[in-house]
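Coordinate inspection notes
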Amino acid sequence: MQIVGPYVSRRLGRVLGIETLPAGQCTLSCLHCLTVSSSVQPPLPRDFGTDPEAAAEAVGRRLEELESRGSTVDALVLKPRGEITLDARLGDLLKALRRLGPKVALFTNGTLLHLPEVSQAVLAADWVSLRVETTRHDAWLALNRPHPGVALPEVVRGLLAFSKAFPGTLVTETTLVKGFNDDTDHLADLARLLSHLRPFRSYLSFPPETGHPELQPPDPVRILECFEFLHSRLPGVRLLLPDLPGPEPPVGAGQERLLGLLAFRPFSEKALRQLLVPTGISWEVVERLVEGGRVRRVPFKGQVHYLRASLGWGTHNRAFGGCADAERARAR
């Protein structure tokens, strides 16, 4: 077992990560995952040798150490480089961790939630993120590359049943990959499923920069279209844009607050100007961030929208070569 952090999570605040599985133990081998799946056994929970009580004691000692230094933790996060529900002792681990005080969060691809013992175990978490990429079988095979023993209809039934039973905070995450699951028909099917799952938040994330020619995020205009489409049908839709490469350049307090506002959703210029009025942040701060490549100015449906810059988009407005290219992309 490894304890990672504390580090800052955009969804959960200051967290400790807990990894109890060997890397690559997963029911999927997603195209956009940085950890290659090495699991060849049947996709069923098994014992990986982690003692729940001993693990909780180790985490408790780490929390005490942090507390002695005046540091606090908002959540304990089970997000291994694999699928956490493959751990047959997950339920006992969750119960042991909950006794430590901070809320316990869990990330899962949901492929085993149709199994009663898995669903019952995950119900012990306080906060659960379900990965929901697509409801279409061809896209699921191409993008998520499931183990042969995993069937999409079973997965969907398991997600729906779990969402009805779970008393905690439920969120979803969908990685939108250009040409795989970002067209309107896919989004319409996704919206129908998410409306039944009723998550508190529906996060849209994007593939990291890996050099894979097929693995590209939608362009900024398409990201705006996807966000608008889902936001008009579901409450709580948010963006999780990947960070720019390299160290973060220093920014002032006003710039940091503005980047925080743009971290989860785009804004039209009119809406952003209105939003900034009570904050005291001047419009010059927006212009400086655009000039520095930290924020993108994107023409969309006759208005200018502002979106936090991300991987693969270039800087200083080069990603679309200015407004003309953005308009051409929108017209595709």
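Nothing here was measured: the structure is a model prediction, and the numbers come from that model. (Residues numbered from 1 in each chain as written. Predicted model: local features only at pLDDT ≥ 70, side-chain atom pairs only at ≥ 80, totals over all residues. Heavy atoms only, no water.)

It is worth spelling out the nonpolar core at this point. Among the nonpolar cores identified, the biggest contains 62 residues, and Leu 78, Leu 97, Leu 106, Val 128 and Leu 230 are the most heavily contacted of them. At 7 residues, the largest contribution of residues to this core is made by helix H6 (residues 184-197). Among residues more than four places away in sequence, those in contact with Val 128 are Leu 106, Thr 108, Val 122, Phe 162, Phe 166, Thr 169, Leu 170 and Val 171. Residues Phe 267, Leu 276, Val 285 and Tyr 306 belong to the second largest nonpolar core, which totals 14 residues. (Core = buried A, V, L, I, M, F, W, Y, C linked by side-chain atoms within 4.5 Å. Buried < 20%, exposed > 50% of the residue type's maximum accessible area, 1.4 Å probe, protein only. Helix = DSSP H or I, 4+ residues; strand = E, 2+ residues; numbered from the N terminus. Contact = heavy atoms within 4.5 Å.)

A few words on the pattern of salt bridges. Per the counting criterion, the structure on display carries 13 salt bridges. A salt bridge links Arg 131 to Glu 173; the shortest N-O distance between them is 3.2 Å. Of this pair, Arg 131 sits in strand S5 (residues 127-131) while Glu 173 sits in strand S6 (residues 169-175), and the two are 42 residues apart along the sequence. The network of salt bridges with common partners includes Arg 11, Arg 131, Glu 133 and Glu 173. (Salt bridge = Lys/Arg side-chain N within 4 Å of Asp/Glu carboxyl O.)

Mapped onto the elements, Gly 49 comes out in the loop between strand S2 (13-19) and helix H1 (52-68). For Gly 49, a relative accessible area of 64% gives the class exposed. Residues Gly 49 and Met 1, 48 residues apart in the sequence, show an inter-C-alpha distance of 9.4 Å.

Turning next to the confidence of the model for the chain. Of the residues in the chain, 86% reach a pLDDT of 70 or more, and the chain-wide mean stands at 84. Mean pLDDT across the elements of the chain bottoms out in helix H11 (residues 323-330) (30) and peaks in S5 (97). Taken as a whole, residues 245-250 scores under 50 in pLDDT and shows 4 contacts with residues more than four places along the chain or in a different chain. Here residues 313-332 is modelled with pLDDT under 50, and outside its nearest four sequence neighbours on either side it reaches 37 contacts, counting other chains as well. (pLDDT = per-residue confidence, 0-100.)

Next up on the list: the sheet that holds strand S11 (residues 303-308). Spatial ordering of the open sheet is given by S9-S11-S10, a layout of 3 strands whose pairing is antiparallel. Of all strands in the sheet, those with a lone pairing partner are strand S9 (267-268) and strand S10 (295-300), marking the two edges. As paired strands, S9 and S11 are joined by 2 bridges and run antiparallel to one another. Counterpart to Ser 268 in the pairing with S11 is His 305. With respect to the sheet, helix H7 (residues 220-231) is in contact with S10 and S11, its orientation differing from that of S10 by roughly 70°. (Pairing = 2+ DSSP bridges. Axes fitted to C-alpha atoms, helices over the stretch in contact; angles between N-to-C directions.)

Bringing the sheet that holds strand S1 (residues 2-9) into the picture now. Ordered by their spatial adjacency, 8 strands build an open sheet running S1-S2-S3-S4-S5-S6-S7-S8, and the pairing between neighbours is mixed. The sheet is open, and its two borders are formed by S1 and strand S8 (237-240), each paired with just one other strand. Neighbour-to-neighbour, the strand axes of this sheet turn through a mean angle of 25°, independent of strand direction. Bridge count for S1 against S2 is 6 bridges, and the pairing is antiparallel. By the bridge assignment, Gln 2 is partnered in S2 with Glu 19. Packing of H1 onto the sheet brings it into contact with S1, S2 and strand S3 (75-78), and relative to S1 it is tilted by some 45°.

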